[in-house]
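One letter stands for each residue in the lines below.
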Amino acid sequence: MFAVYAARIDRDQPLTGLELGERPAPEARPGWSTVTVKAASLNHHDLWSLRGVGLSEDKLPMILGCDAAGVDEDGNEVVLHSVIGQTGHGVGPREPRSILTERYQGTFAEKVAVPTWNLLPKPKELSFEEAACLPTAWLTAYRMLFTNAGVRPGDSVLVQGAGGGVATAAIVLGKAAGLRVYATSRDEAKRKRALELGAVEAVESGARLPERVDAVIETVGAATWSHSVKSLKPGGTLVISGATSGDRPSHAELTRIFFLELKVVGSTMGTKEELEDLLAFCAATGVRPVIDEVLPMDRAREGFEKMASGELFGKVVLTNG
């Protein structure tokens, strides 16, 4: 079957290890289902995999892609929950949880196999392209906001780095849930888009906000860390799920963190139950993922190049047929 896969690992030039071509189709195994992929979306996780983060040489070649929506063997329209082994379904009792492509072949192919437990019904209100955006970036944003930041309607939130998949999702979800959302970006066009999506104000990275906020959604890392900490109210919460600019800030702001009793919470992906809630939330409210571009699977390299350059707003989606 045709697939998009990591053939080599290159920490400095990750896209040199990306190849498109024929790979073996998944084999049937007990407790697993094979899904015909209709749409799959790109995540920074795919770029990190090409750099060898979470993916070791001995697992190559590895089909990339964590997210997908498609049709199972019984003809049901489904969305994949990307965390394998979260509750032991389909894997051995001692196997730690992993995200698709770390241990098991991913979704950038005609077919993908996952434990049957990992399949959720796709709401009829969502297209395959929209549903394929939800299991990683949008689920991450949902968990960051509503589980780990613990915000509620009327609270204020700062979203760093408008334009990325998680940040875009956080703006849209926050607005829909009645939060006052502030956003930052170095790019004027991205600040404008953030306002269109529902941010009450969008400022340059590092600029002072009109008020201190209850929570910060942080995916940029080193470049924005100090600003994130300084933007919080006493007792506020900084939730971090990524560090695209690096993980070693020049100022950790430890004094401010302990003196103002700030909370720093790490967040990765989300649970199957949270994905179920997110799907229901989107179906009920009319909230839809922000899609930058839809490309056929054989033009995946263009999508990877766009994501690597940061010249996108929302998600890049790959489709089959």
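- Looking at an unreviewed UniProt entry, one finds the protein chain named Zinc-binding dehydrogenase, with Streptomyces composti as its source organism.

## Looking at the pairing of strand S12 (residues 180-184)
For step 1, the next point in the chain: Along S12, four of the five residues are buried, which leaves the element largely enclosed by surrounding structure.
For step 2, the next point in the chain: One crossover worth recording links strand S11 (residues 156-159) to the parallel S12 by way of helix H4 (residues 165-176), and it is right-handed.
For step 3, the next point in the chain: For S12 and strand S13 (residues 201-203), the ladder comprises three bridges, and the chain directions are parallel. Residue pairing in the sheet places Ala183 in a bridge with Ala202 of S13.
For step 4, the next point in the chain: Each parallel crossover has a hand, and for S12 linked through helix H5 (residues 188-197) to S13 it is right-handed.

## Focus: unusual backbone geometry
For step 1, the next point in the chain: In this model, Leu60 is joined to Pro61 through a cis peptide bond whose omega is -10 degrees.
For step 2, the next point in the chain: Considering the arrangement of structural elements, one finds Pro61 in the loop between helix H1 (44-50) and strand S4 (62-63).
For step 3, the next point in the chain: Positive phi outside glycine occurs at Glu253, with the angle close to 60 degrees.
For step 4, the next point in the chain: Mapped onto the elements, Glu253 comes out in the loop between strand S15 (232-240) and helix H7 (254-259).
For step 5, the next point in the chain: By relative accessible area, Glu253 is classed as buried at 16%.

## Considering the sheet that holds strand S2 (residues 18-22)
For step 1, the next point in the chain: Pairing in this open sheet of three strands is antiparallel, and the strands run S2-S1-S4 from one edge to the other. On the outer flanks of this sheet lie S2 and S4, each paired with one strand and no other.
For step 2, the next point in the chain: Of the pairings in the sheet, the one linking strand S1 (residues 2-6) to S2 comprises five bridges and is antiparallel in character. Each bridged residue has a counterpart across the sheet, and for Phe2 the counterpart in S2 is Glu22.
For step 3, the next point in the chain: Seen against the sheet, helix H9 (residues 300-309) touches S1 and S2 and runs at an angle of roughly 160 degrees to S2.

## Description of the side chain of Gln160
For step 1, the next point in the chain: Inspection of the secondary structure assignment puts Gln160 in the loop between S11 and H4.
For step 2, the next point in the chain: Here Ser228 takes part through its side chain, which lies 3.0 Å from a polar atom of the side chain of Gln160.
For step 3, the next point in the chain: Discounting residues that sit within four places of it in the chain, Gln160 has contacts with Ala167, Thr184, Val216, Ile217, Glu218, Thr219, Val220, Thr224, His227 and Ser228.

## Some details on the nonpolar core
For step 1, the next point in the chain: The biggest cluster of nonpolar side chains holds 48 residues, and the ones touching the most others in it are Trp138, Leu173 and Leu278.
For step 2, the next point in the chain: Counting only elements with at least two residues in this core, the list comes to strand S5 (69-71), helix H2 (128-131), helix H3 (134-148), S11, H4, S12, strand S14 (213-218) and helix H8 (272-285).
For step 3, the next point in the chain: Sort the elements by how many residues they give to this core and H3 lands first, with eight residues.
For step 4, the next point in the chain: Setting aside anything within four residues of it in sequence, one finds Leu278 in contact with Leu134, Trp138, Leu139, Tyr142 and Leu173.
For step 5, the next point in the chain: Membership of the second largest hydrophobic core comes to 41 residues, among which are Leu60, Leu64, Ala109 and Val316.

What counts and how
Residues numbered from 1 in each chain as written. Predicted model: local features only at pLDDT ≥ 70, side-chain atom pairs only at ≥ 80, totals over all residues. Heavy atoms only, no water. Buried < 20%, exposed > 50% of the residue type's maximum accessible area, 1.4 Å probe, protein only. Helix = DSSP H or I, 4+ residues; strand = E, 2+ residues; numbered from the N terminus. Right-handed = clockwise from strand over helix to strand, strands pointing away. Pairing = 2+ DSSP bridges. Contact = heavy atoms within 4.5 Å. Axes fitted to C-alpha atoms, helices over the stretch in contact; angles between N-to-C directions. Polar contact = N/O pair within 3.5 Å; in protein donor to acceptor, adjacent residues only side chain to side chain. Core = buried A, V, L, I, M, F, W, Y, C linked by side-chain atoms within 4.5 Å.

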